[in-house]
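Examining the three-dimensional arrangement
Each chain, written out:
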Amino acid sequence: MADGGLIALGAGLAIGVSALATAWAEQAIGTAAIGAMAEKESLFGKALILTVIPETIVIFGLVVAILIVGIAG
Amino acid sequence: MSKPEIMVKCKIVAPKSTLSAVINTLYDLGLYHLTPHLKGTYNLDLGTPLAQAEELATLLVKVRQILARFPKTIAQNYLLNKFPAVSLTKKSWPELQRKVEKIFQEIKETEQKLALLREERLILHNQLISLSFLRKMKINAAALSQSQILCGVFGQIKRQEGLSAALSKHLPASSFFQEKDYIFVVAKKTQETELKNVLSSFGFTPFSWSLETNNLLSELKKKKELAAKKKEQKLILLKRLQGLSEEVAELQAWELEIQEEIRKQELPLSFAVTGSTFLAEGWLPQKQSAQVVQALEKITKNKIHVQLENPGKKDHPPVKLNNKKLVSPFEFLLKLYDLPSYKEIDPTSLLFFTFPIFFGFMLGDVGYGLVLAILFFILRKKMPAAKQMLDVLLFAAIVSIAFGFVFGEFFGFEYVGNETGEKLCNLGICLEKVTHFAGGHGAEGGQAVTIWEFPHLLHRASTKTNLFGYDILTVLIIGAIVGFIHLNLGLFLGFLNEAASHGWKHAVMAKLSWMIMEAGIIFAVLGGMGIFLPLVKWMGIIIAVIGVVMLVKGEGVQGAVEIPGLFSNMLSYMRLGAVGLASVGLAVVVNEKLALPFFEKGGIFIFFGIIIMILGHGINLLLGVIGPFLHGVRLHYVECFSKFFHGGGVEYAPFSRKKELTKE
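What comes next is a walk through the structure. What you see is a predicted model; the values in this text were computed from it and never measured.

Section: the sheet that holds strand E6 (residues 182-188) of chain B
All names here are of chain B. Read from one edge of the open sheet, four strands run E5-E6-E4-E7, paired in antiparallel fashion. Every interior strand has two partners, whereas the edge strands, strand E5 (175-179) and strand E7 (205-207), have only one. Between one strand and the next, the sheet's axes are offset by a mean angle of 30 degrees, whatever the strand orientation. Of the strand pairs in this sheet, strand E4 (residues 150-156) and E7 are connected by three bridges, and their pairing is antiparallel. Of the residues in E7, the one forming a bridge with phenylalanine 154 is phenylalanine 207. Lying over the sheet, helix H4 (residues 92-137) contacts E4, E5, E6 and E7, oriented at roughly 110 degrees with respect to E5.

Rendered as structure tokens:
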């Protein structure tokens, strides 16, 4: 049962830390994107895309978390 | 996959006397995409606006001045109900000028009168206040106004604290009457200035009050009658303004017309001119070019030279996307990113095929899909401006329903309880009966639970596939496989693009090399796993190395640097499964952890359970639109488009009547 706790902790760390990283990256991009959009509104599409680029990190985090739970448990 | 519509370069040379006729013809046909002339090109000057441009601009300013004075709704209602077909011709033009001038003068005059009335009414109002005050306080106003020794001051003050103290300190001989913030002070005439100084520090506004008669009542009556009369006058003037609203509404239609006429009159600013001829350069869709040439020759009686050329290497023709009606809403997704350049493949069809699949795979729920489909269908009717986007989403919602059947999910439920299942079966809808044991290990200790599952091909949250000895969720593997196919589709399109712009050899080196490398790696892995002979492994490695060498030759070191990127791109498609899992997870939490305990308690708690269900699924639905949409477009823009798409196209914008006008 002790192992189960560690596995859960590992999975939690995988997604939690990667989510923090994503948030950190997105706040910088988001600020710049809003700034750019204030100048030129038609940049909305590109700004949106740039902002969600770091989402990959948290998706990988989620995938890894699922794999940890799946493989270990 | 289609390419943007074929354009031809069209140069028009004609005498200046035909300018107006040519511009009108181009405007009516609405096909000519004009390239503005830059001063100095061919050593030619810019043209000047046609004769009436300035006059029209003045008129437009006046019309707008009039329109600004009336609420917008008046004009809009009129436009919606009975739009008179107005058109600016030589005949209607002076008449319009006269009309505008007349309305303008009338409005100005009425406004001046109203301003005067306002002032008069303000004075009257003050007088009325002072009169009723004097009467109430029983002040002998007539005597006071004629007095040589005393003076009276009446008015309104802002601050009252400390007033009486200040008055008795500075003007001991004064006395005052006060009601609310109105005050009447009597003092020695010699102290009048000092009195005013004291009062002004309390925010005093003086009212005139002096009287000759002492009959306040009759005076009051007189003033009241006068005030009523002035009010009536004001109403009459306002009515007069309102009476103009119909004519003003018509001006709204004229405003658009004048604006369009000005656009025509100012078009020569984009032309090149010599002493007596002009030159216009622009683009026409090849299909309709003959029609334009014919019309121009007819209107100018052949006094025109129109030259059509195919676009040269350095030209950047405007891009007019050329898609079937079913596919065209997806142009919205493309324009959100960028337009393809003229020579590129238009990826709208790719978006049409893969975006709804991605969205559906991520959302994948019959219930959510149905709700969204109905919602988007209604919004589509209500918001014609966002029709393209809603069409795309409607498509995606319908595909979500289909994937909902694949995953057997209905608002996050994958099964129903035994009782409900039996009831449904009695009604003729038999689900799949499954018995499993909960709370123990295997069949021995556990308690048998019977559930009825919705028919499905796989469970998103639990179906696993064994890969390299590990059990991995099937949806994640499907995601990666879809990614592999999608990326290679992108590479293939890139291959076609490169072949069209840089020749076959470069296309093979820069794009096909990726696929060769991939094939090599696949063979190497399969050989290594012992599925094929070990020899295959080495062959695979050799093929992969050849691919890498070709890539470096085609795209330089930069290509080699991007190799790991290809794998992270492929893994990035695992989000197709992961985003879906998050959505299922939230739905299950809402159903089983939040709402179910309430339902089990029964009674009034069922009501709370229902509210929790509605709120929870509402939030999940919102996330279920935003998430799959963003990730769906992102997988295209970032992962797939980077394999072939350059973008930077200029949108085809022919000189024509503005769109919002043609809708009528």
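Moving on from the coordinates now.
So, the interface of chain B and chain A
Facing the 23 residues of chain B at the interface are 17 residues of chain A. The contact between chain B and chain A buries some 1,700 Å² in all, and 81% of this surface belongs to carbon and sulfur atoms. Considering only the side of chain B, the residues that lose the most area to chain A are B:Leu336, B:Leu630 and B:Arg634, jointly responsible for 26% of the buried surface there. In this assembly, chain B and chain A are joined by one salt bridge. One salt bridge connects B:Asp338 with A:Lys46, and the closest N-O pair in it is separated by 3.7 Å.

As for the nonpolar core
Residue and element names in this part refer to chain B. One finds Ile12, Leu333, Phe355 and Phe629 to be the most contacted residues of the largest nonpolar core, which totals 100 residues. Once you skip the residues sitting within four places of it in the chain, isoleucine 12 turns out to touch Leu26, Tyr32, Phe278, Leu279, Ala280, Leu296, Ile304, His305 and Val306. Grouped together as the second largest cluster of nonpolar side chains are 23 residues, Leu67, Leu96, Ile103 and Ile258 included.

Focus: helix H14 (residues 387-407) of chain B
With 21 residues, H14(B) extends 30 Å from end C-alpha to end C-alpha; this agrees with the ideal 30 Å at 1.5 Å per step. The positive-phi residue at the C-terminal boundary of H14(B) is B:Gly408, with phi of around 60 degrees.

Side note on the side chain of B:Asp346
Mapped onto the fold, B:Asp346 is located in the loop between helix H11 (331-337) and helix H12 (348-363). Polar contacts involving the side chain of B:Asp346 include one to the side chain of B:Thr348, which spans 2.5 Å.

A word on a nonpolar patch on the surface
The grouping of A:Ile71, B:Leu467, B:Phe468, B:Tyr470, B:Val525, B:Met529 and B:Ile531 at the surface amounts to a nonpolar patch, some 670 Å² of accessible area in total. Secondary-structure assignment places B:Leu467 in strand E14 (residues 464-467).

What about helix H1 (residues 19-29) of chain B?
Residue and element names in this part refer to chain B. Looking at H1, one finds that the buried residues are Leu19, Val22, Ile23, Thr25, Leu26 and Tyr27. Against strand E1 (7-15), helix H9 (245-266), strand E9 (277-285) and helix H10 (286-299) lie the buried residues of H1. Count one or two residues on from H1 and you reach glycine 30, which has phi positive near 60 degrees.

Thoughts on the packing of helix H13 (residues 366-382) of chain B against H14(B)
Residues and elements named next belong to chain B. Two elements in contact, H13 and H14, have axes whose closest approach is 8 Å; the angle formed by their N-to-C orientations is 160 degrees. By the angle between their axes, H13 is roughly antiparallel relative to H14. Crossing geometry of H13 relative to H14 is assigned as left-handed. Here Val366, Gly369, Leu370, Leu372, Ala373, Phe376, Phe377, Leu379 and Arg380 of H13 come into contact with H14, specifically with Lys387, Leu390, Asp391, Leu393, Leu394, Ala397, Ser400, Ile401, Gly404 and Phe405.

Rules of the game
Within every chain, residues take consecutive numbers counted from 1 along the sequence as written. Throughout, the order in which chains and ligands are written sets their labels, letters from A for the former and numbers from 1 for the latter. The model is predicted, so local features are restricted to residues of pLDDT at least 70 and side-chain atom pairs to those at 80 or more, both for listing and for counting; the totals for chains, interfaces and linings are taken over all residues. The basis for the side-chain values is all heavy atoms of the structure; hydrogens and waters are excluded. Paired strands, in this sense, are two strands between which DSSP finds at least two bridges. Here a strand is any run of E in DSSP of at least two residues, a helix any run of H or I of at least four, and the numbering for each starts at the N terminus. Note on method: axes are straight lines fitted to C-alpha atoms, helices fitted across the in-contact stretch only, with angles between N-to-C directions ranging 0 to 180 degrees. Residue contacts are defined here by distance: any two heavy atoms, one from each residue, within 4.5 Å place the two residues in contact. The quantity reported as buried area is the accessible area (1.4 Å probe) lost by two parts once they are put together, taken as the sum for both. Here, a salt bridge means any side-chain nitrogen of Lys or Arg that lies within 4 Å of a carboxyl oxygen of Asp or Glu. By nonpolar core is meant a set of buried Ala, Val, Leu, Ile, Met, Phe, Trp, Tyr and Cys residues that side-chain atoms within 4.5 Å join together. When accessible area is computed with a 1.4 Å probe and restricted to protein chains, residues below 20% of their type maximum are described as buried, those above 50% as exposed, and intermediate ones as partly exposed. In a helix, the anticipated span is given by 1.5 Å times the number of residues less one. Pairs of N or O atoms are called polar contacts if they sit within 3.5 Å, as long as, within protein, a hydrogen donor faces a hydrogen acceptor (for residues adjacent in sequence, only side-chain-to-side-chain pairs). Excluding any residue in a salt bridge, patches collect residues exceeding 30% relative accessible area, merging like charges within 9 Å and nonpolar Val, Leu, Ile, Met, Phe, Trp and Tyr side chains within 5 Å. Accessible surface is estimated by sampling points in the Shrake-Rupley manner with a 1.4 Å probe; for residues, cover comes only from the protein chains shown. Put simply, angles under 35 degrees are roughly parallel, angles over 145 are roughly antiparallel, angles from 65 to 115 are roughly perpendicular, and the rest are oblique. Each helix crossing is assigned a hand: it is left-handed if the near helix lies turned anticlockwise from the far helix by less than a right angle, otherwise right-handed if that turn is clockwise.

Honestly, that's just the spatial picture; any functional story needs more than this.
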